[in-house]
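Here is how the chains run, residue by residue.
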Amino acid sequence: MPTPPLKQLAHPNTEATRKGLPTERVFVALGSNLGKRQAWLRFALAAFEAEPCLRLVAYSPLLETQAVVLPGQMPAPPYLNAVAELRCTFSPLELLAFLLSLEARAGRKRHKRWEARTLDLDILSFGQRQMRCPRLVVPHPRLYVRTFVLFPWAYIAPWLRLPGEKLTIWELCSRLA
Ligand code: A4P
Ligand code: MG
């Protein structure tokens, strides 16, 4: 599957900057393994660009990855995965609500954990914040063991260090290779 080149947007959506609101550097994982996968990821990226509280700074190539399933679960279709970097004036829970609304607009149905989905949008990290509440855990607890997250992430932020973590994204990724 051909992947589009890494996109760096030169001209930010300046709405948040004009308002003088604090912005956070946020990374979001995108995944799809149902329906028109590439179209769903592009739908999410376009929605990020259109939302005044977000600014899409960069996104990785869209990578095809083998589905990781739960023990005993039937094999699932392959995913397209990517990671996007955003600047964000939402709070973490507001961002989560926004991402869940995009998943709903993509027709995502929830029956079982890790089932095939049109669109999955997870918050990987939110600035230097560390939080653990019933609805949101940041940084995402499973990112450290997932090549389908770390590999695309290393395209756009190889030198990033997560809060409480000594290794960079690139080093975390190399450790899995
Ligand atoms: N939630 C807690 N923390 C977060 C966070 N950091 N970001 C809560 C987003 N949501 C977070 O998510 C369930 C609830 O998790 C949310 O409502 C939110 O309150 P979900 O997307 O409905 O459930 P899920 O995705 O079925 O379960 P889970 O455990 O979140 O799965 P993962 O970790 O997202 O993994 N294989 C490949 N190759 N590529 C993939 O992208 N993804 C999964 C799902 C499995 N295998 C995969 C892939
Ligand atoms: Mg999710």
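Residues numbered from 1 in each chain as written. Chains lettered and ligands numbered in written order. Predicted model: local features only at pLDDT ≥ 70, side-chain atom pairs only at ≥ 80, totals over all residues.

Draft legend 1. Representation of the overall build of the protein in the model. Broken down by element type, the protein carries 5 helices and 8 strands. Counting helices and strands in the order they occur from the N terminus, the protein gives β-α-β-α-β-β-β-α-β-β-β-α-α. For the protein, buried positions account for 33% of its 177 residues. In the protein, 67% of the contacts between residues at least 6 apart in sequence involve partners at least 24 apart. (Helix = DSSP H or I, 4+ residues; strand = E, 2+ residues; numbered from the N terminus. Buried ≥ 20, exposed ≤ 12 C-beta atoms within 10 Å, placed from the backbone. Contact = placed C-beta atoms within 7 Å.)

Draft legend 2. Focus on the site of ligand 1. Contacts to ligand 1 come from 21 residues, most closely from Gly31, Thr65, Val68, Tyr79 and Asp122. Listed by contribution, the elements that provide at least two residues to the shell around ligand 1 are strand 5 (79–88), strand 6 (120–126) and strand 8 (136–138). Taken together, the residues of the shell around ligand 1 sort by class into 10 nonpolar, 5 polar and 6 charged. (Near = placed C-beta within 6 Å. Nonpolar A, V, L, I, M, F, W, Y, C, P; charged D, E, K, R; others polar.)

Draft legend 3. Looking closely at the nonpolar core. Of all hydrophobic cores here, the largest spans 41 residues; its most connected members are Val28, Val83, Ala84 and Trp153. Broken down by element, this core gets its largest block of residues, 7 residues, from strand 5. Setting aside residues up to four positions removed in sequence, valine 83 forms contacts with Phe27, Ala29, Tyr59, Ser60, Leu124, Val149, Pro152, Trp153 and Ile156. (Core = buried A, V, L, I, M, F, W, Y, C linked by C-beta atoms within 7 Å.)

Draft legend 4. Expanded view of the environment of leucine 143. By the element assignment, leucine 143 lies in the loop between strand 8 and helix 4 (147–156). For the pair leucine 143 and cysteine 173, spaced 30 residues apart in sequence, the C-alpha to C-alpha distance is 10.0 Å. Beyond its immediate chain neighbours, meaning those up to four positions away, leucine 143 contacts Leu124, Val149 and Leu150.

Draft legend 5. Region of the structure containing helix 2 (residues 37–50). When the terminal C-alpha atoms of helix 2 are compared, their 20 Å separation across 14 residues agrees well with the 20 Å that a helix rising 1.5 Å per residue should span. Taken residue by residue, helix 2 has Arg37, Trp40, Leu41, Ala44 and Phe48 as its buried positions. The buried residues of helix 2 occupy an angular sector of 100° when the element is viewed end-on, so they sit on one face. Structural note: helix 2 exposes Ala39, Ala46 and Ala50 on the side pointing more than 90 degrees away from its buried face. Buried residues along helix 2 sit in contact with strand 2 (24–32), strand 3 (54–59), strand 5, helix 3 (92–105) and strand 6. (Expected span 1.5 Å × (residues − 1). Arc of directions from axis to C-beta.)

Draft legend 6. Quick peek at the pairing of strand 2. Across the 9 residues that make up strand 2, a large majority, 7, are buried. Examined bridge by bridge, strand 2 and strand 5 share 9 bridges and lie antiparallel to one another. Opposite glutamate 24, over in strand 5, you have cysteine 88 as the bridge partner. Alignment of strand 2 against strand 6, held across 6 bridges, turns out to be antiparallel. The partner of phenylalanine 27 across the bridge, within strand 6, is serine 125. (Pairing = 2+ DSSP bridges.)

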